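# Breakdown of the fold
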Amino acid sequence: FVLAQSNHPILNIAHRGASAYAPEHTMISYKKALDMGADYLEIDLQQTKDGVLVAIHDSKLERTTNGKGRVKDYTYDQLKNLDAGSWFNRKYPEQAKESFEKESILSLEEIFAYFGRDQHYYIETKSPQSYKGMEENLLKLVDKYNIPEEHLLIESFSAKSLKSIHEKKPELSLIKLSLCRPSLQEIKEIKTYADGIGPRATCLDKGYIEKVHSQGLFLHAFTVNDKKAMGKLIHWGVDGLFTNNPDVLKDVIENQNS
Ligand code: G3P
Ligand code: MG
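Residues numbered from 1 in each chain as written. Chains lettered and ligands numbered in written order. Predicted model: local features only at pLDDT ≥ 70, side-chain atom pairs only at ≥ 80, totals over all residues. Heavy atoms only, no water.

## Considerations on the state of the cysteines
Under the convention used in this document: Our working definition of a disulfide is a cysteine sulfur pair at a distance within 2.5 Å. For the purposes of this entry, the term helix denotes a DSSP run of H or I that reaches at least four residues, the term strand denotes a run of E that reaches at least two, and both are numbered from the N terminus. Relative accessibility thresholds used throughout: buried, under 20% of the residue-type maximum; exposed, over 50%; partly exposed, between the two (1.4 Å probe, protein chains only).
Applying the stated criterion across every chain, the model contains one disulfide. Across the disulfide, Cys-180 is cross-linked to Cys-203 (sulfur-sulfur distance 2.0 Å). Of note, the bridge from Cys-180 to Cys-203 carries an S-S torsion of about -125 degrees and is left-handed in sense. Remark: Cys-203 occurs in the loop between β8 (196–198) and α8 (206–214) and Cys-180 occurs in the loop between β7 (173–177) and α7 (184–190); sequence separation between them is 23 residues. Residue Cys-180 is classed as partly exposed on the basis of its relative accessible area, which comes to 35%. Given a relative accessible area of 16%, Cys-203 falls into the buried group.

## Considerations on the site of ligand 1
Inclusion rule: One heavy atom within 4 Å of a molecule or strand is enough for the residue carrying it to be called near that molecule or strand. As used in this structure description, the phrase polar contact means that two N or O atoms lie within 3.5 Å; if the pair is within protein, one of them must be able to donate a hydrogen and the other to accept it, and residues adjacent in sequence are counted only when both atoms belong to side chains. The method behind every accessible area is Shrake-Rupley, applied with a 1.4 Å probe, and residues are considered shielded solely by the protein chains displayed. Charged means Asp, Glu, Lys or Arg here, nonpolar means Ala, Val, Leu, Ile, Met, Phe, Trp, Tyr, Cys or Pro, and polar covers whatever is left, Gly included.
Around ligand 1 lies a shell formed by His-15, Arg-16, Glu-42, Asp-44, His-57, Glu-124, Lys-126, Glu-155, Phe-157, Leu-177, Phe-222 and Phe-242. Glu-42 is positioned such that a nitrogen or oxygen atom in its side chain is 2.8 Å from an oxygen atom of ligand 1. A distance of 2.4 Å separates an oxygen atom of ligand 1 from a polar side-chain atom of Glu-155. Protein coverage of the free-state accessible area of ligand 1, which is 280 Å², stands at 90%. In terms of residue class, the shell around ligand 1 is built from four nonpolar, two polar and six charged.

## Description of the pairing of strand β9 (residues 218–221)
The test is simple: DSSP calls a pair of strands paired once it identifies at least 2 bridges connecting them. Handedness of a crossover is defined as follows: orient the strands so they point away from the viewer, and if the path from the first strand over the helix to the second runs clockwise, the crossover is right-handed.
Side chains of β9 alternate between two faces, with Phe-218 and His-220 and Leu-219 and Ala-221 buried alike. As paired elements, β8 and β9 share two bridges and run parallel to each other. What sits directly across from Ile-197, in β9, is Leu-219. This β-α-β element, β8 to α8 to β9, shows right-handed connectivity. As defined by bridge partners, β9 adjoins strand β10 (residues 240–243) across two bridges and the pair is classed as parallel.

Pasting the structure below:
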């Protein structure tokens, strides 16, 4: 991985897809993100009762679907026809230029089958402690769809989840997420199983980013939607940004390079 240099590429990571413009983790959100020039699709994973990995941020259904309760209590067949789009029209009436009621919950398999091995995926194992075999299921799909390791980044707040992936596939690039930022002491431990960190952008400063780079780790910050903040963080040397607005980040990166 290219660490921060003056002209290093800043990764444009579409946070839950282009989630400022379309309901998160739906086909339209991912397609818009790619049309807007995102480098990676960020996909949060939960797991159904029958072990299917699905793209949804919350462990519960209510916020982004017309379903009720926990993802883990339903089979994929019971979830796949839920309406995962109408909530966006209700919450952001001014944004919703189109109706999204046809959008549904996607399985990771559907996403890989549709976008294929040439796409770049930034996959988060969510609440892995509550799902049996989540990491194995993920790696099985990566193999089945032949996703090249250089097109895949795996992130988690759970060190245990990342360590289990690192044991099975040490060649994969892993990112340890933090609610704020890890201490330099914690970074020494993170280095034993991950290649980068994913801190909250508002917890960062230039000096900290330099220290992380001096430890040989890359740094992708979340979640940045404001043009000015993007410019500042890029100037400080981040290696990538998670954003709901990949179009805005694309412009900022292009202007920085011009
Ligand atoms: O992956 C970075 C960011 O997505 C982590 O927070 O809650 O949006 O998944 P969250
Ligand atoms: Mg996430």
